[in-house]
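Residue strings, one per chain:
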Amino acid sequence: MQSGTLDQDVYLYNPTENQCNFVISLYLSDGTLLYKSEMLRPGESIENININKKLNAGLYRNVILAYECCGDDGVILTRVEFTIEISCEKTEAINGTNH
């Protein structure tokens, strides 16, 4: 991820062979919700997200990546959580803007 911006390039997907829809969320170690997707049907993916908080450069440990398996009605059938690390890189200023 890039520091100082809400717009992030990531790749989140629900495999085609999956039997349920996914809602994918990211939580910082303090419980702050960083991102929550819309429902992804099998075979759908996301390549760009808008997070809820700009992050400083650095390593974020104990981030929770949660996958909620949902029926077509949105009812959560099960939830799986993974503890991950996010490396947030400093963005470079070019012509007065961050890239």
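Residues numbered from 1 in each chain as written. Predicted model: local features only at pLDDT ≥ 70, side-chain atom pairs only at ≥ 80, totals over all residues. Heavy atoms only, no water.

Student: Give a detailed account of the sheet that holds strand β3 (residues 33-36), specifying residues and quantitative values.
Tutor: The strand order β3-β2-β5-β6 describes an open sheet built from four strands, whose pairing is antiparallel. The sheet is open, and its two borders are formed by β3 and β6 (76-88), each paired with just one other strand. Sheet twist, expressed as the mean angle between neighbouring strand axes with direction ignored, is 20 degrees. (Pairing = 2+ DSSP bridges. Helix = DSSP H or I, 4+ residues; strand = E, 2+ residues; numbered from the N terminus. Axes fitted to C-alpha atoms, helices over the stretch in contact; angles between N-to-C directions.)

Student: Talk me through the state of the cysteines; I want residue IDs and the actual numbers.
Tutor: Scanning all chains against the criterion turns up one disulfide. The disulfide that involves Cys20 links it to Cys69, with 1.9 Å between the sulfurs. With Cys20 in the loop between β1 (7-13) and β2 (21-27) and Cys69 in strand β5 (residues 58-70), this residue pair connects regions lying 49 residues apart in the sequence. (Disulfide = S-S within 2.5 Å.)

Student: Help me get a handle on the pairing of β2, residues and values and all.
Tutor: Among the seven residues of β2, six are classified as buried, and the element is accordingly described as predominantly covered. When β2 meets β5, the two strands line up antiparallel, connected through seven bridges. Note on β5: the bridge partner recorded for Leu26 is Leu65. Direction of pairing for β2 relative to β3: antiparallel, over a ladder of three bridges. Paired with Ser25 across the strands is Lys36, a residue of β3. Between β2 and β3, which follow one another and run antiparallel, lie five residues, and Gly31 among them has a positive phi close to 95 degrees. (Buried < 20%, exposed > 50% of the residue type's maximum accessible area, 1.4 Å probe, protein only.)

Student: Outline the nonpolar core, supporting the account with residue identities and numerical values.
Tutor: Core analysis: the largest hydrophobic core is formed by 21 residues, its most contacted members being Met1, Leu26 and Ile49. Of the residues forming this core, the biggest block, four residues, is contributed by β5. Discounting residues that sit within four places of it in the chain, Leu26 has contacts with Met1, Thr32, Leu33, Leu34, Tyr35, Ile49, Val63, Ile64, Leu65 and Ile84. (Core = buried A, V, L, I, M, F, W, Y, C linked by side-chain atoms within 4.5 Å. Contact = heavy atoms within 4.5 Å.)

Student: Describe the packing of aromatic side chains, with residues and values.
Tutor: The geometry of two aromatic rings is summed up by the distance between their centres and the angle between their planes. What the rule picks out here adds up to three aromatic pairs. On the numbers, 5.4 Å between centres and 25 degrees between planes, the contact of Tyr11 with Tyr13 is stacked. Centre to centre, the rings of Tyr67 and Phe82 are 6.1 Å apart; their planes meet at 90 degrees, and the pair counts as edge-to-face. Here the residue Tyr67 occupies a position in strand β5, and Phe82 occupies one in strand β6, the gap between them amounting to 15 residues. Here the aromatic cluster, defined as three or more aromatic residues joined through ring pairs, consists of Phe22, Tyr67 and Phe82. (Phe/Tyr/Trp six-rings, centres within 6.5 Å; stacked < 30°, edge-to-face > 60°.)

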